[in-house]
Amino acid sequence: MSRLPSISGRDCCRVLEQAGFRHVRQESSHIVMRKDPPFCQVVVPDHKELDRGTLRAIIRQSGLSVEEFCELLKK
């Protein structure tokens, strides 16, 4: 299992945008990102630092692997 980086919610959204997601709306401190097709929706908390379990769940829901996510983060 790869080690997850410590990133903010905004950085996570930036990586998801590189993976084809778009910002749909923001409700309070939660950003809703969506990808079509196939339909996939992910909610990202807009926090200064995401918990590792939360980040892992976001990556899993997005359909990316941890390695793919880390590669997009480096770009």
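**Regarding the state of the cysteines**
Part 1: In the structure shown here, the tally under the stated rule is zero disulfides.
Part 2: Here cysteine 12 is not cross-linked by a disulfide; its sulfur's nearest cysteine counterpart is in cysteine 13, at 5.9 Å.
Part 3: The thiol sulfur of cysteine 70 is not disulfide-bonded, and the nearest other cysteine sulfur, from cysteine 12, lies at 11 Å.

**Observations regarding the nonpolar core**
Part 1: One finds Cys12, Leu16, Val44, Leu55 and Phe69 to be the most contacted residues of the largest nonpolar core, which totals 23 residues.
Part 2: Broken down by secondary-structure element, the contributors of at least two residues to this core are α1 (9-18), β2 (30-35), β3 (40-45), α2 (52-62) and α3 (66-74).
Part 3: Per element, the largest residue contribution to this core is five residues, and it comes from α3.
Part 4: In this view, valine 44 contacts Gly9, Cys12, Cys13, Leu16, Ser29, His30, Ile31, Met33, Leu50 and Ile58; residues no more than four positions away in its chain are not counted.

**Observations concerning the environment of glutamine 18**
Part 1: The topology assignment puts glutamine 18 in helix α1.
Part 2: With relative accessibility at 37%, the residue glutamine 18 sits in the partly exposed group.
Part 3: For the pair glutamine 18 and leucine 72, spaced 54 residues apart in sequence, the C-alpha separation works out to 6.9 Å.
Part 4: When sequence neighbours within four positions are dropped, the list of residues in contact with glutamine 18 reads Leu72 and Lys75.

**Overview of the pairing of β2**
Part 1: Relative to β2, strand β1 (residues 22-27) is paired through five bridges, and the arrangement is antiparallel. Paired with histidine 23 across the two strands is methionine 33, which belongs to β2.
Part 2: In textbook terms, the turn of a hairpin is the stretch between consecutive antiparallel strands, and for β1 and β2 this stretch comprises two residues, one of which, serine 28, has a positive phi near 60°.
Part 3: Direction of pairing for β2 relative to β3: antiparallel, over a ladder of six bridges. Across the sheet, arginine 34 pairs through a bridge with glutamine 41, a residue of β3.

**A few points about the environment of glutamine 26**
Part 1: Its place among the elements puts glutamine 26 in strand β1.
Part 2: Look at glutamine 26 and you get partly exposed, because its relative accessible area is 37%.
Part 3: Along the sequence, glutamine 26 and lysine 74 sit 48 residues apart, while their C-alpha atoms lie 25 Å from each other.
Part 4: Aside from chain neighbours lying at most four places away, what touches glutamine 26 is Arg10, Ile31 and Asp46.
Part 5: Side-chain polar atoms of glutamine 26 contact the backbone oxygen of serine 28, separated by 3.2 Å.

About the thresholds
Residues numbered from 1 in each chain as written. Predicted model: local features only at pLDDT ≥ 70, side-chain atom pairs only at ≥ 80, totals over all residues. Heavy atoms only, no water. Disulfide = S-S within 2.5 Å. Core = buried A, V, L, I, M, F, W, Y, C linked by side-chain atoms within 4.5 Å. Buried < 20%, exposed > 50% of the residue type's maximum accessible area, 1.4 Å probe, protein only. Helix = DSSP H or I, 4+ residues; strand = E, 2+ residues; numbered from the N terminus. Contact = heavy atoms within 4.5 Å. Pairing = 2+ DSSP bridges. Polar contact = N/O pair within 3.5 Å; in protein donor to acceptor, adjacent residues only side chain to side chain.

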